[in-house]
Amino acid sequence: MGKDKIENASPHALPALPYADNALAPVISANTIGFHYGKHHKGYVDNLNKLIAGTEFGDLPLEKIITRTADKTDKVAIFNNAAQTWNHTFYWRSLKPKGGGDPPTALKQKIDASFGAMDACRKELATAAMAQFGSGWVWLVIDGDKLKVINTGNADVPMTTGLKPLLTIDVWEHAYYLDYQNRRADYVNAVLDKLINWEFASENLG
């Protein structure tokens, strides 16, 4: 009985990483993955399950929790932990070993139409990452029929403003500090050059 109650109160699980914890090295070390995924991401999932146990959000999927708690001052803690759970899962899938390079054809054409060239898109992602003051995220999103780069602070997600994310880069300090200290630009450029998963972005393009 007690075991059933615990399981029912914890509907959200930490998703498995799509690669080994050392697969992104040397750009992102296994040590960083251990803390970032094993402590931070897991912490958001655990906190969310505690916060929603016995509430109206207890049986809802993650995206519905996010959209129903966004901009509600009395639900900030639930939103933050739900959004950070979702953001981190999306971030891990936005990376892959031996990433970077050129996107699949349909996405590349969309990028060229929206930004003029791949280099311009890449530069805009890097610039937005450096422009984000404090903690947050940089996103490649679809806005209508056009792609654009946006950044969000803290746990905010594009879907709450009607934008569809294609990929993201985490610029919270815990994403890079163990490997790069305060050199955010080096982390972002290395991710864009060697880890960014354009195939995942292409899948999201639909």
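Bear in mind that the values here come from a model prediction, so they are computed numbers and not experimental data.

Colleague: Would you explain the pairing of strand β2 (residues 146-153) in this entry?
Modeller: Along a regular strand, successive side chains alternate from one face of the sheet to the other. Note that strand β1 (residues 136-143) and β2 share eight bridges and pair antiparallel. When the bridges of β2 are listed, L140 appears paired with V149. Between β1 and β2, which pair antiparallel and follow one another directly, the connecting turn spans two residues, one of which, G144, has a positive phi of 70°.

Colleague: Before we go on, may I ask you to explain the confidence of the model for the chain in this structure?
Modeller: Mean pLDDT for the chain: 94, with 95% of residues reaching 70 or above. Across residues 1-9 the pLDDT falls below 50, and counting only partners more than four positions away or on other chains, this stretch makes two contacts in the model.

Colleague: Just checking my understanding: could you explain helix α2 (residues 30-52) for this structure?
Modeller: Each turn of an α-helix holds 3.6 residues, which means side chains three or four residues apart point in the same direction. Compared with the 33 Å implied by 1.5 Å per residue over 23 residues, the 31 Å span of α2 between its first and last C-alpha is a close match. Within α2, the axis deviates most sharply at K42, by approximately 25°. Along α2, the residues that are buried comprise T32, I33, H36, Y37, H41, Y44, V45, L48, N49 and I52. Looking at the buried residues of α2, the elements they touch are α3 (62-69), α4 (76-93), β3 (164-170) and α7 (177-180). With its phi angle positive at about 75°, G54 sits one or two positions after the end of α2.

Colleague: Please explain helix α5 (residues 105-115) as it appears in this structure.
Modeller: Inspection of α5 places L107, I111, S114 and F115 among the buried residues, and these make up the whole buried set. Angularly, the buried residues of α5 cover 75° about the axis, an arc narrow enough to put them on a single face. In this structure, α5 carries T105, Q109 and A113 as exposed residues pointing more than 90 degrees from its buried face. Looking at the buried side of α5, the elements it contacts are α6 (118-131), β1, β2, β3 and α9 (198-205). G116, located one to two residues past α5, shows a positive phi value of around 100°.

Colleague: How do you make sense of the side chain of S114 when you look at a structure like this?
Modeller: For S114, the location among the structural elements is in helix α5. Other than its neighbours up to four places away in sequence, S114 contacts K146 and L147.

Scoring rules and cut-offs
- Residues numbered from 1 in each chain as written.
- Predicted model: local features only at pLDDT ≥ 70, side-chain atom pairs only at ≥ 80, totals over all residues.
- Heavy atoms only, no water.
- Pairing = 2+ DSSP bridges.
- Helix = DSSP H or I, 4+ residues; strand = E, 2+ residues; numbered from the N terminus.
- pLDDT = per-residue confidence, 0-100.
- Contact = heavy atoms within 4.5 Å.
- Expected span 1.5 Å × (residues − 1).
- Bend = angle between axes of the 7 residues up to and from the residue.
- Buried < 20%, exposed > 50% of the residue type's maximum accessible area, 1.4 Å probe, protein only.
- Arc of directions from axis to C-beta.

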